[in-house]
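Chain and residue survey
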Amino acid sequence: MATVDKSSLKLPIENPEAQDFLPLLGTDYIELYVGNAKQSAYYYMAAWGFRPLAYAGLETGQKDKVSYVLQQDKIRLVLSSPLQSGGEINKHIDAHGDGVKVVALWVDNATKSHKETTTRGAKSYFEPKTLEDQHGKVVLSGIHTYGETVHVFVERGDYKGVFMPGFRKWDPFYKPAEVGLKYIDHIVGNVGWNEMNKWCQFYAKVMGFAQLVSFDDKDISTEYTALMSKVMSNGNGRIKFPINEPAEGRKKSQIEEYIDFYNGAGVQHMALATDNIIETVTALKNRGVEFLTVPASYYEDVLDRVGQIDEDLEPLRELGILIDRDDEGYLLQIFTKPILDRPTMFIEIIQRKGAKSFGKGNFKALFEAIEREQEARGTL
Ligand SMILES: [Fe+2]
């Protein structure tokens, strides 16, 4: 594998093992295929504080698909629904329910990114193509990853339009306030039995990622359910993809429950970062977002485990926010219940105070909370 001069990339090196031959500049957008994009857009605005940005559909000459683009700080969501029957999006929704189809990655050169990844073994989703309008051009290319999920490489150059060619500004009267979400911290994939290493190797070989940390079933099994997890990251640390697989437990793994309902591998959760988790979670709860709760006993000894923190414990306890510490600092995090009808995708809110890890110290309390929910669904 060719080495690159990382100093030329002008990006901090967070994971020195990784080979940033693309390189990835960040997450460009997440596209969900959903049954009713108009109503999903309302949910992400009303409950999550996303702002309307762009629209494509019948009025813009797009006959088969409608897409709403929402934005909050650096996080962009695209919600797409079919306008006809029997198409690719319809089949995706039939198989998986609503879910993430595209994890789009921002690059300098989408043509090179396609070539670098496909020559290393990635399966092409589509060849590089240039979209153009009066605001400039955007080059896109795509590769497949786990399940039916894909990565689209987005080269924006100096494109000045609202999102990309084909979209027009979407400016409805209804624009609820943001809730302080800043950027995507990580995106987690659930894969099938014994497939974690295969997909970690995929990200290592195809994109030059390196492993940050791993958790095995000793770390993250409760009495009943278990999983294995490894975190893959690119060189500048802007892209972090934990990969989970189910592990044997006394009862059904939460990952297996996901795989059963999603009909295969897919995105399990996105972690969205905030600078003030107490304000963000308070706003989300007031707008109806439902979070997992841990027993009150969690807070009795949590400060013995994590040491001093800047925040008062009381609002964290009231909101159910979890705390963990690693060598570099601490983090605050909380997880929603599944946000879809199928028990598949959920969202994590995370505030990092120096910590670069993922909350391993919370796994037991968290997974016991998930098991209580599985029990209620009869899927434990
Ligand atoms: Fe997470």
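Above this note sits the structure.
Residues numbered from 1 in each chain as written. Predicted model: local features only at pLDDT ≥ 70, side-chain atom pairs only at ≥ 80, totals over all residues. Heavy atoms only, no water.

Per the stated rule, a full pass over the model turns up 17 aromatic pairs. Taken together, a centroid distance of 4.9 Å and an interplanar angle of 90 degrees make the contact between Phe163 and Phe167 edge-to-face. Since its relative accessible area comes to 2%, Phe163 is described here as buried. Consider the rings of Phe335 and Phe346, whose centres lie 6.1 Å apart with planes at 70 degrees: the pair is edge-to-face. Separated by eleven residues along the polypeptide, Phe335 in strand β16 (residues 329–335) and Phe346 in strand β17 (residues 346–353) bring together distant segments of the chain. A relative accessible area of 6% places Phe335 in the buried class. A network of ring pairs unites the aromatic residues Tyr146, Trp199, Phe202, Tyr203, Phe209 and Phe241 as a single cluster. Just above the ring of Phe21 sits the side chain of Arg120; from NZ or CZ to the centre is 3.5 Å. Sitting over the ring of Phe358, Arg352 keeps its end group 5.2 Å from the ring centre. (Phe/Tyr/Trp six-rings, centres within 6.5 Å; stacked < 30°, edge-to-face > 60°. Buried < 20%, exposed > 50% of the residue type's maximum accessible area, 1.4 Å probe, protein only. Helix = DSSP H or I, 4+ residues; strand = E, 2+ residues; numbered from the N terminus. Lys NZ or Arg CZ within 6 Å of the ring centre and 35° of its normal.)

Size it by volume and the largest pocket reaches roughly 930 Å³. For the largest pocket, the lining is made up of 32 residues, of which Tyr183, Gly237, Arg238, Ile239 and Lys240 are closest to its centre. Mapped by element, the contributors of at least two residues to the lining of the largest pocket are β1 (24–33), β10 (181–190) and β11 (210–215). Its residues assigned to classes, the lining of the largest pocket shows ten nonpolar, eight polar and 14 charged. Two domains share the lining of the largest pocket, each providing at least three of its residues, namely domain 1 (12–169) and domain 2 (181–377). Space inside the second largest pocket adds up to approximately 440 Å³. Along the wall of the second largest pocket there are 22 residues; nearest its centre are Tyr29, Glu31, Lys65, Lys129 and Leu140. Breaking the lining of the second largest pocket down by element, the ones donating at least two residues are β1, β3 (65–72) and β6 (124–133). With four residues, β6 is the single largest residue contributor to the lining of the second largest pocket. (1 Å grid on protein atoms, 1.4 Å probe; cavity = no way out; pocket = protein on both sides within 12 Å on 5 of 7 lines; lining within 4 Å. Points joined across faces, edges and corners; volume = space filled by probe spheres on them. Nonpolar A, V, L, I, M, F, W, Y, C, P; charged D, E, K, R; others polar. Domains from an automatic or database assignment.)

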